[in-house]
Every structure is written in C-alpha cells, then in structure tokens.
Amino acid sequence: MPVLAVTKERRAGETRVAVTPDAAKKLIALGFDVVIETGAGVSASAPDTDYLAAGAKVFPTATEALKDADVVLKVRGPADEEISSLKPGAIVVGLFNPYQDRPLVDALTAHGATVFAMELVPRITRAQVMDALSSQANLAGYRAVIEAAEVYGRALPMMMTAAGTIAAAKVFVMGAGVAGLQAIATARRLGAVVTATDVRPAAKEQVESLGAKFVAVEDEEFKAAETAAGYAKEMSPEYQAKQAALVAEHIKKQDIVVTTALIPGRPAPKLVSAEHVASMKPGSVLVDLAVEAGGNVAGVRLGEIFEIGGVKIVGIPNLAGRIAADSSALYARNLTAFVGLLVKDGQLAPDYDDEILKAALVARGGAVVHPALRAP
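About the criteria used
Residues numbered from 1 in each chain as written. Predicted model: local features only at pLDDT ≥ 70, side-chain atom pairs only at ≥ 80, totals over all residues. Heavy atoms only, no water. Helix = DSSP H or I, 4+ residues; strand = E, 2+ residues; numbered from the N terminus. Rg over C-alpha atoms; globule rule 2.2 N^0.38 Å. Buried < 20%, exposed > 50% of the residue type's maximum accessible area, 1.4 Å probe, protein only. Contact = heavy atoms within 4.5 Å. Areas by Shrake-Rupley, 256 points an atom, 1.4 Å probe, with all protein chains shown as cover. Lys, Arg positive; Asp, Glu negative; His and termini not counted. Charge placed at Lys NZ, Arg CZ, Asp CG, Glu CD. Salt bridge = Lys/Arg side-chain N within 4 Å of Asp/Glu carboxyl O. Polar contact = N/O pair within 3.5 Å; in protein donor to acceptor, adjacent residues only side chain to side chain. Pairing = 2+ DSSP bridges. Axes fitted to C-alpha atoms, helices over the stretch in contact; angles between N-to-C directions.

**Student:** Go over the overall build of the protein chain, please, and point to the residues and values.
**Tutor:** The secondary structure content of the protein chain amounts to 13 helices and 19 strands. In summary, the protein chain has a C-alpha radius of gyration of 22 Å against a globular reference of 21 Å for 376 residues, a match within 12%. Taken over the C-alpha atoms alone, the protein chain extends approximately 65 × 50 × 35 Å along its principal axes. For the protein chain, with 376 residues in total, the buried portion stands at 52%. At a minimum sequence separation of 6, the contacts of the protein chain that also span at least 24 residues come to 63%. Approximately 16400 Å² of the protein chain is accessible, and the part contributed by carbon and sulfur atoms is 55%. Treating the 38 positive side-chain charges of the protein chain as one cloud and the 42 negative ones as another, the clouds have centres 3 Å apart.

**Student:** Would you mind going over the pattern of salt bridges in detail, with residue names and values included?
**Tutor:** Evaluation of the coordinates by the stated rule reveals 23 salt bridges. A salt bridge links Arg10 to Glu37; the shortest N-O distance between them is 2.6 Å. Here Arg10 is found in the loop between β1 (3–6) and α1 (21–29), whereas its partner Glu37 is found in strand β2 (residues 33–37), with 27 residues between them in sequence. By relative accessible area, which is 34% here, Arg10 ends up partly exposed. Overall, the relative accessible area of 3% leaves Glu37 in the buried class.

**Student:** Describe the side chain of Asn334, listing the residues and the values that go with them.
**Tutor:** Mapped onto the elements, Asn334 comes out in helix α12 (residues 324–339). When its relative accessible area of 5% is taken as the criterion, Asn334 is described as buried. In terms of polar contacts, Asn334 uses its side chain to reach the backbone carbonyl oxygen of Val129, at 2.8 Å. There is a polar contact of 2.7 Å between the side chain of Asn334 and the side chain of Ser135. The contact partners of Asn334, leaving out residues within four places of it in the chain, are Met118, Val129, Met130, Asp131, Ala132 and Ser135.

**Student:** Which residues make up the sheet that holds strand β10 (residues 193–197), and what values do they have?
**Tutor:** Taking strand neighbours across the sheet as the criterion, the 7 strands line up as β11-β10-β9-β12-β13-β15-β14 in an open arrangement whose pairing is mixed. A strand with exactly one partner marks an edge of an open sheet, and here the two such strands are β11 (213–214) and β14 (305–308). Pairing analysis gives 2 bridges linking β10 to β11, with the strands arranged parallel. Paired with Ala196 across the strands is Phe214, a residue of β11.

**Student:** Account for the sheet that holds strand β5 (residues 91–94), naming residues and giving values.
**Tutor:** As summarised here, the arrangement of the 8 strands in space is β3-β2-β1-β4-β5-β6-β18-β19, forming an open sheet in which the pairing is mixed. Each edge of the open sheet is held by one strand with a lone partner, namely β3 (57–59) and β19 (367–368). Bridge analysis of strand β6 (residues 114–117) against strand β18 (residues 361–364) gives 2 bridges, and the strand direction is antiparallel. Paired with Val115 across the two strands is Ala363, which belongs to β18. Sheet strands touched by α12: β1, β4 (71–73), β5 and β6. Its angle to β5, the strand with the most contacts, is close to 145°.

What follows is the structure in structure tokens.
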C-alpha cells in the first residue's frame, strides 16, 4: 500500500493545508495509507482528531511522516528540512511557483524527487477539477473585496435613510479572470457600482453578464489579445499607453480598485501608476492581488497596508489563505483528483505520457524535465 504524507506548511503566513479530513477519506479509498504531521490542519479548522476519524495516521514530526512516503502533498514548497527527509524517488505535488522559485525546484531535483507543479496543470476539460489556480483565485477575488470593504471604512451599497442618502461605492476591477470575475460578483452582491477591464475580448461578455460595465480600448490588438490556453497576452507599449490614458480618467472617479492581472512565469504587469494613485480621492482603496509577483500597483508593499495622499494601498499576500478552511477544501479536491492519475488498482502507476501529468511534471530522475524550465 503506497504511503501518502501531508505535513505542516512552513512558509510564513501560510494557513492552508493540502489535504482535509474529507479528502483523506477519498485518498484512503484510492488505496493510500495517509499520514499527517500533527497540527498540519489546525489553521484550516481541521484538528488531528478529524484526520484520525477519517482513517489517517497522525505522526508527531515531519521527519516521521515523510520517511516512508511515496507521495507528498503540499500547498507551498517543502522546507529544506522536509526535502532532506524525503525518500529517494518520492513524488511531491504542490503549488511550487516553478518559474520564480528555481532554488526550490533545484533542491527537490537534486534530492531525486519526482516533482509535479499544480500551476502547470493544463486548462483542458478533463483537468478542470484539478485547476488549483482557479480554485484559489476564485476565493482570493472574493476576499479582496472583503478586505477592500474593511479598509474603505464606508458603506458599499446605496442607502436611503431619513437622514439622507448614501451613494453606492464605485468599484473598478482590473483583470477579469477567475479572481476578477469573483471580485466583480462579490462587489455587486455588496451593492457597489462596478466597472471592470481586461485585455481579453472574451472578458467583455463575462463582465457584462455579472452586471458590471466593461472599460477598455477595443482596437485590433485588443481583439487578438488572448492565448489559446485562455491567458492574457502581454500587450504592446502602444496599447498599454492608450489603455493607461483611459484608465487614468476612469480611476480618479473610483472609490475601490482591485487589480488581479498575472501572466504565468512573468512579473505582474504595472496597471496603476503613481500618478493614477495621486489622482484618486482621499479615502479610496487599492487592493493588489498580484503583490507576490511584484504587484500591479506602483509602490505596493508586500504584506503591508499603507496610505499615500489619503489613498490606502493593500498588499496583503495569499488572500485565499485568509479563508483557509474553504480554500483548503477546494485545493484538497484539486489534489485528490490529480493524485487519482498516479494510481491504478491501489498501486502507484503514473502514466507519464498522460497529457495532464506530462504538462505538470517539473522534475524526474534527478533532472528538470519540463521544457520551459530546462536550461537552454
């Protein structure tokens, strides 16, 4: 019976867990002996007793949990002490940020681990249930609006009272991918007047379907600004200048701006300049979901909320981790579906020619094998 291990997340501020008790039951049904490091799920409202009730074993240290593990599931990359505890050839799966965190990839590769990055799961129909980027972005988009409402300090919906009327807040969402669309939906549910922008033509219909107004320079470049995989392309300097001019006029009227633009493997594009920030009204709020990739907002500070000219800029990382129970539940389902591809009849038997496994495979046999990550 293959052993599957889950350890505590050791990266600062990470509250999620890779496997919930419900997911542990499903993994046991797949044929795994599931072992959990004690306390691994506490910050995600999953105590050890729930794992024991699900049929998992709880070990007191990461070293003990990992020593016999054939498969290790993580949210973020394992710490050095965890890597040194892996047995040779162990399969490690998680959100490893392989383009930016090359030292982690190299450390796992040098140890002989087989490494799968959930960020690299292809966006195809049969892999939808494994799309961890989308499941986490969805919750991050929701949480971004909640954080904005907290910092804003005023009501979001229009309120008509005997003492007078409070105008609805104006919310502008920049980037209408999974996170952006959820931010739009959440802001609308809270009663705000919502506008949004994106460089992908398909986003216009999605934005309008949620009751928001679409804002973009709709020229020929805009009409071709989406990759076959559904990601936004990086736009030309000329387009960016035109879009910036439009945004400059629009943003100065907004109360809350949420930025969500990310390009896989690239630094986050700058969408909001210092001049844009300076043009906003005192009391306005910017929430930057791309802060961990350098940020969409000029001057954003990782892990900080600060004020400049009366405008508050929110650079809280890992917003999905601020609702750890729900984000862990969704991520655990993503992982459980992915791990199902690694087993057959209760035994480890990964088919490395499977299109999903092939796309997500980063390293195997002591070498980095992903085409985009191999040395030229």
